[in-house]
Amino acid sequence: MNIRHSSRAVMMMALVWASGLTAQPIQLEKLEKKTILLFSPHPDDDTFCCAGTLALLAKRANNIHIFIYTNDDKGSYDPEMTSERLGRIRKAEEEEACRIVGIPKENIHWLQFHDGMLEYASPRDLVEQVTKIIRAYRPDVVLSIDPGSEYVRWHKTDHRMSANNTMDAIRAAEWHLYFPNQRLHDGLAPWKVPMEALFYVTPKDANYWVNVDDVFDVKLAASLAHVSQWEPAIRKYRVDWDPKELDALKQKLKARAPKKDGHFVEAFRIRGRFNQP
Ligand SMILES: [Zn+2]
């Protein structure tokens, strides 16, 4: 059974309003030849949240660009590790994960903030920067962290800033009086993002589930490309896997992977119209 059609209620919730007047049911994973931007706080959130969906979209000739706020240069318990070295490792791991998913490294864009420091960047400058990206690429879909629908969610640092900042930039990009310098000097017209697919959702907020059965192995391989983020490399860095440890982690990840109606899934909240949850 196709999980997307498991109930009428789910279908109704998955309706996305592509224009102000006409309701168009859009199936995220069925999009073709569209421009899709994903904003990720770290070089792995894009993999962990959405590698399956991204793999499906990459197969359908979509133009996918990954924007990564920070370089993830803090997340290691290895006392011998330095931030510069870790930043290089994380960059290479992200490029490998994206290669596995089907996204070329030229489509990975680094906003170059340090890990854990995104909240201390200038909020105004950060919104302006991402607004400019949205106006320049004019995406059909933006994927980003869900800040929460009816309440302020707790997120770890970088995640909460990324969640709110991306949403604020989506809003600003639509209105020409925000950052008018972008039109004046860069020739960038306002852009209304037609579809927002928010990830890292709570079960309560999720309203759309992509069946990733066919690409689950791709997702697993991409997740495991982030070697430095898993035991044992997170404590004592090594460049590759011990086959036994790799196998054990694969089994663990498979057992823990989100499922719905017996299928591997990735959950989203597809946002509706302006100021709608
Ligand atoms: Zn993260």
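Located above this text is the structure these notes cover.
Residues numbered from 1 in each chain as written. Predicted model: local features only at pLDDT ≥ 70, side-chain atom pairs only at ≥ 80, totals over all residues. Heavy atoms only, no water.

### Describing the coordination of the zinc ion
Definition in use: Here a donor is any nitrogen, oxygen or sulfur atom (N, O, S) within 2.8 Å of the metal, with 3.2 Å used for Na, K and Ca; water is not among the atoms considered, so some sites may look incomplete. Counting from the N terminus, the helices are DSSP H or I runs at least four residues long and the strands are E runs at least two residues long. Each residue's exposure class comes from its accessible area (1.4 Å probe, protein chains only) as a fraction of the maximum for that residue type: buried when under 20%, exposed when over 50%, partly exposed otherwise.
For the zinc ion, the full set of protein donor atoms is His42 (ND1), Asp45 (OD), Asp45 (OD) and His159 (NE2), and the range of their distances to it is 2.0 to 2.6 Å. Along the chain, the residues donating to the zinc ion fall in the pattern H-x2-D-x113-H. Here His42, found in the loop between strand 3 (35–40) and helix 2 (45–59), pairs with His159, found in helix 5 (residues 159–174); they are 117 residues apart in sequence, far enough to count as distant. Residue His42 shares its accessibility class with His159, and that shared class is buried.

### As for the packing of aromatic side chains
This is how the line gets drawn: Pairing of aromatic side chains requires ring centres within 6.5 Å, counting the rings of Phe and Tyr and the six-membered ring of Trp. Pairs whose planes differ by under 30 degrees are stacked, by over 60 edge-to-face, and all others tilted. Only lysine NZ and arginine CZ atoms are considered, and such an atom sits over a ring when it is within 6 Å of the ring centre and within 35 degrees of the ring normal.
For the structure shown, the criterion picks out 7 aromatic pairs. Look at Phe48 and Trp230: their rings are 5.7 Å apart centre to centre, the planes differ by 70°, and that puts the pair in the edge-to-face class. Of this pair, Phe48 sits in helix 2 while Trp230 sits in the loop between helix 7 (216–224) and helix 8 (243–256), and the two are 182 residues apart along the sequence. Consider the rings of Phe199 and Tyr200, whose centres lie 5.2 Å apart with planes at 85°: the pair is edge-to-face. Exposure remark for Phe199: the relative accessible area of 1% places this residue in the buried category. A connected cluster of aromatic rings, assembled from ring pairs, spans Phe39, Phe67, Tyr69 and Tyr137. The ring of Phe264 carries Lys259 above its face, with NZ or CZ at 4.7 Å from the centroid.

### Digging into the pattern of salt bridges
To keep it simple, the criterion reads: Whenever Lys or Arg places a side-chain nitrogen within 4 Å of a carboxyl oxygen from Asp or Glu, that contact is recorded as a salt bridge.
Summed over the entire model, instances satisfying the criterion amount to 20 salt bridges. The partner of Asp44 in a salt bridge is Arg90, with the nearest N and O atoms 3.0 Å apart. Residue Asp44 is found in the loop between strand 3 and helix 2, and its partner Arg90 is found in helix 3 (residues 83–101); the two are separated by 46 residues along the sequence. Given a relative accessible area of 0%, Arg90 falls into the buried group. The partner of Glu128 in a salt bridge is Arg124, and the shortest N-O contact between them spans 2.7 Å.

### Section: the side chain of Thr166
Heads up, the rule is: Within 3.5 Å is the distance limit for a polar contact, defined as a pair of N or O atoms, with the added protein rule that one can donate a hydrogen and the other accept it, and that residues adjacent in sequence qualify only through two side-chain atoms. Two residues qualify as a contact provided that any one of their heavy atoms is within 4.5 Å of a heavy atom in the partner residue.
Among the secondary structure elements, Thr166 is positioned in helix 5. Residue classification places Thr166 among the buried residues on the basis of a relative accessible area of 0%. A polar contact is formed between the side chain of Thr166 and the side chain of Tyr69, at a distance of 2.8 Å. Excluding its chain neighbours within four sequence positions, the residues that come into contact with Thr166 are Phe39, Tyr69, Val142 and Ser144.

### What about unusual backbone geometry?
The amide bond that connects Glu231 to the next residue, Pro232, takes the cis arrangement and shows omega of 5°. Along the chain, Pro232 turns up in the loop between helix 7 and helix 8. A positive phi angle is found at Asp158, which is not glycine, with a value near 80°. Relative to the helices and strands, Asp158 is located in the loop between strand 6 (141–145) and helix 5. Backbone geometry places Phe179, a non-glycine residue, at a positive phi of 50°. Mapped onto the elements of the fold, Phe179 is located in the loop between helix 5 and helix 6 (181–186). Among the residues examined, Phe179 registers a relative accessible area of 11% and is labelled buried.

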